[in-house]
Amino acid sequence: MIRSLKSCLRNQLTSITTGILIGFTIEFIQFITDNLAITHRWVDINDVLANTLGFVIGYYLSKLIDK
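Throughout what follows, the structure given in this document is the object of discussion. (Residues numbered from 1 in each chain as written. Predicted model: local features only at pLDDT ≥ 70, side-chain atom pairs only at ≥ 80, totals over all residues. Heavy atoms only, no water.)

## Let's talk about the environment of Gln-12
Quick reminder of the rule: For the purposes of this entry, the term helix denotes a DSSP run of H or I that reaches at least four residues, the term strand denotes a run of E that reaches at least two, and both are numbered from the N terminus. Working rule for contacts: check all heavy atoms of both residues, and any pair within 4.5 Å makes them a contact.
Position of Gln-12 relative to the elements: it lies in helix H1 (residues 2–35). As a C-alpha pair, Gln-12 and Tyr-60 span 48 residues in sequence and 9.0 Å in three-dimensional space. Not counting residues within four places of it along the chain, the set of residues in contact with Gln-12 comprises Tyr-59 and Tyr-60.

Set out below in structure tokens:
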């Protein structure tokens, strides 16, 4: 039981961390390309948070559908 709970928490933490890193990477690339005058995009922390929230929602929906 405890082992299963630890595994579940580890999977959740890994998923949330992955979502944060993907969102941050996207925003970082936008920041770099904007500073190189390649594009004119806004860099915003709200986008990172929205991407992470979407990733977490998707994670839980996939768990729900998997059952």
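## Details of the packing of aromatic side chains
The relative placement of two aromatic rings is captured by the distance of their centres and the angle of their planes. Note the cut-off: Note on aromatic contacts: the rings of Phe and Tyr and the six-membered ring of Trp form a pair at centre separations within 6.5 Å, being stacked when their planes are under 30 degrees apart, edge-to-face when over 60 apart, and tilted otherwise. Only protein chains enter the accessibility calculation, which uses a 1.4 Å probe; a residue whose area is less than 20% of its type maximum is buried, one above 50% is exposed, and one in between is partly exposed.
Under the definition given, this model contains two aromatic pairs. Seen in terms of ring centroids, Phe-24 and Phe-28 are 6.2 Å apart; in terms of plane orientation they differ by 20°. Their pairing is stacked. Here Phe-28 and Phe-24 lie together in helix H1, a separation of four residues that amounts to about one turn. In this structure Phe-24 comes out as partly exposed when scored by relative accessible area, which is 48%. Take Phe-28: its relative accessible area is 44%, and that puts it in the partly exposed class.

## Regarding the side chain of Thr-52
Here Thr-52 shows up in helix H2 (residues 45–66). The exposure class of Thr-52 is buried, given its relative accessible area of 11%. The residues touching Thr-52, leaving out its near neighbours within four places in the chain, are Ile-16, Gly-19 and Ile-20.

## Some words on a nonpolar patch on the surface
So the rule is basically this: Patch criteria: residues need more than 30% relative accessible area and no salt bridge. Like-charged residues are merged within 9 Å; nonpolar side chains of Val, Leu, Ile, Met, Phe, Trp and Tyr are merged within 5 Å. Residue exposure ignores everything except the shown protein chains as possible cover, and the areas themselves are Shrake-Rupley values with a 1.4 Å probe. By convention in these notes, a salt bridge is any Lys or Arg side-chain nitrogen within 4 Å of a carboxyl oxygen on Asp or Glu.
The grouping of Phe-24, Phe-28, Phe-31, Ile-32, Leu-36, Ile-38 and Val-43 at the surface amounts to a nonpolar patch, some 690 Å² of accessible area in total. For Ile-32, the position within the fold is in helix H1.

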